[in-house]
Amino acid sequence: MSNNNKYWSYFLVLLFVIILNFWLPRFLPGGPVEYIAGGGEEGAVFLTEAQKAAMLEYYNLNDSLGEQFVKYVKGIFTFDFGLSISHKAPVFDVIMERLPWTLLIVGLATLFSIVIGLLLGLYSAWRHPSRVDRSLFLSMLCLSSIPEFLLGMILLITCAVKLKWFPLSGAKTAFLRSDGWLASVLDIANHAVLPALTLTIGSVASLYLLMRNESIRVKQESFIEFSSAKGIGPRAIVMKHIARNAALPLVTLIIIRMSGLLAGSILVETVFAYPGVGKLLQEAILGRDYPLLHGLFLLMTLFVLLLNLFADLIYPRLDPRIRHDVNRGEVA
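Residues numbered from 1 in each chain as written. Predicted model: local features only at pLDDT ≥ 70, side-chain atom pairs only at ≥ 80, totals over all residues. Heavy atoms only, no water.

Under an unreviewed UniProt entry, the name given to the protein is ABC transporter permease, and the organism recorded is Paenibacillus mendelii. As stated in UniProt under Sequence similarities (unreviewed entry), the record for the protein gives "Belongs to the binding-protein-dependent transport system permease family." (UniProt positions renumbered as here; feature names shortened; annotations may be inferred.)

Structural data, given as structure tokens:
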């Protein structure tokens, strides 16, 4: 596929998601006013018909769907999605307040899952076939079959409830009294351990399996036998030859897994009541907060598309064979 066709495909996907982003929240049963009212006189808040009409007018929900869609499209180019109905604040400000917490646990999970997955996969391939390799392989297969929300609940019950090693929820201790920044940093890190650990365990298996399979394939190449015959030590063969050639296909997987971690953070943040973007999305869905849903869906879509575009751009530069095929396709 040529670069022009590739860029057009990204544009068409973005256009489709923009349209779907507007209509999908409106397919949910009920609306923001109905959610606040909670079912009328027996609900959480009693609202008269005049109050409901005033709310609809205030949030421009009484406009026609065409007018709402035009305002929505204008908001995309100005990053102005209006006011969040549940938070009573601009959508952009609400998202920016929660985004750093998600980036913290997703960044930690990405770093640790890459290091652990690649090292274990490389070690397992070097010991292939042996009992150690089979044990690691079966363990990772079992680990990959556990849903992240179930893994998070297990860690929450054991490490927070039973052992009391970590806090039950939140991103930091409310009204923490500390004399320096170090105590605040340690408190934030203490709250981030379990969510980041859950995301790390949930993503390390896929990196391990691909690294192991690629390393075993490279290990069977003739130049590895030639390097060993020249007297090069096992450690040098593993790090300079096997690791370098086997890690190349993992670049794309690592970048794509980052978008998967963002999606996984929705369930993990819900389990640990961690105030990130994932928890915010759950709140927006439950509250039928249309403006907030628009902003969150667009943010996640752009994040995934940019990561995939980055992978498409960087991979041919890392592998000359793919760059040659791309150039030959453009010429053809």
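**Focus: the UniProt feature "transmembrane region" (unreviewed entry) in the protein**
Following the UniProt record, one finds the feature "transmembrane region" (unreviewed entry) at residues 7-24, 101-123, 135-157, 188-210, 247-272 and 292-315. The distance separating the terminal C-alpha atoms of residues 7-24 is 25 Å; by composition the span is 94% helix and 0% strand. Spanning residues 101-123, this segment combines 100% helix with 0% strand, and its end C-alpha atoms are found 33 Å apart. (Helix = DSSP H or I, 4+ residues; strand = E, 2+ residues; numbered from the N terminus.)

**Digging into the packing of helix α6 (residues 131-144) against helix α8 (residues 181-219)**
The contact between α6 and α8 brings their axes to 9 Å, and the two run at 135 degrees. Classed by the angle they form, the pair α6 and α8 counts as oblique. In this structure, α6 meets α8 at a crossing whose hand is left-handed. Two secondary-structure elements touch here, α6 through D133, L136, F137, M140, L141, L143 and S144 and α8 through I201, V204, A205, Y208, L209 and R212. (Axes fitted to C-alpha atoms, helices over the stretch in contact; angles between N-to-C directions. Parallel < 35°, antiparallel > 145°, perpendicular 65-115°, else oblique. Left-handed = near helix turned anticlockwise from the far one by under 90°. Contact = heavy atoms within 4.5 Å.)

**A word on the pattern of salt bridges**
Under the counting rule described, the total for this entry stands at three salt bridges. The residue D133 makes a salt bridge to R212 at a minimum N-O spacing of 2.8 Å. Highlighted residues: D133 in helix α6 and R212 in helix α8, separated in sequence by 79 residues. Assessed through its relative accessible area of 1%, D133 is described here as buried. We classify R212 as buried; its relative accessible area is 10%. (Salt bridge = Lys/Arg side-chain N within 4 Å of Asp/Glu carboxyl O. Buried < 20%, exposed > 50% of the residue type's maximum accessible area, 1.4 Å probe, protein only.)

**Looking at the side chain of R98**
With respect to the helices and strands, R98 occurs in helix α5 (residues 91-126). One polar contact links the side chain of R98 to the main-chain carbonyl oxygen of G276, over a distance of 3.5 Å. Discounting chain neighbours no more than four positions away, the residues touching R98 are H87, P275, G276, V277, K279, L280 and E283. (Polar contact = N/O pair within 3.5 Å; in protein donor to acceptor, adjacent residues only side chain to side chain.)

**What to know about a nonpolar patch on the surface**
Residues W8, F11, L12, L15, F16, I19, L20, W23, L24, F27 and L65 make up a contiguous nonpolar surface patch of about 1100 Å² in total accessible area. Sorting elements by how many residues they give to the nonpolar patch places helix α1 (residues 3-23) first, with eight residues. Residue position: L20 is located in helix α1. By relative accessible area, which is 36% here, L20 ends up partly exposed. (Patch = residues over 30% accessible without salt bridge, like charges linked within 9 Å, V, L, I, M, F, W, Y side chains within 5 Å. Areas by Shrake-Rupley, 256 points an atom, 1.4 Å probe, with all protein chains shown as cover.)

**Re empty space enclosed by the protein**
A full pass over the atoms with the stated rule returns two cavities of 30 Å³ or more. When its volume is computed, the largest cavity comes out at roughly 50 Å³. P167, L168, S169, G170, H191, L194, P195, F272 and Y274 are the residues that line the largest cavity. Its residues placed into classes, the lining of the largest cavity shows six nonpolar, three polar and no charged. T110, S113, I114, L207, I254, R257 and L261 are the residues that line the second largest cavity. Secondary-structure elements contributing two or more residues to the lining of the second largest cavity are α5 and α11 (250-271). Grouping the constituent residues of the lining of the second largest cavity by class yields four nonpolar, two polar and one charged. (1 Å grid on protein atoms, 1.4 Å probe; cavity = no way out; pocket = protein on both sides within 12 Å on 5 of 7 lines; lining within 4 Å. Points joined across faces, edges and corners; volume = space filled by probe spheres on them. Nonpolar A, V, L, I, M, F, W, Y, C, P; charged D, E, K, R; others polar.)

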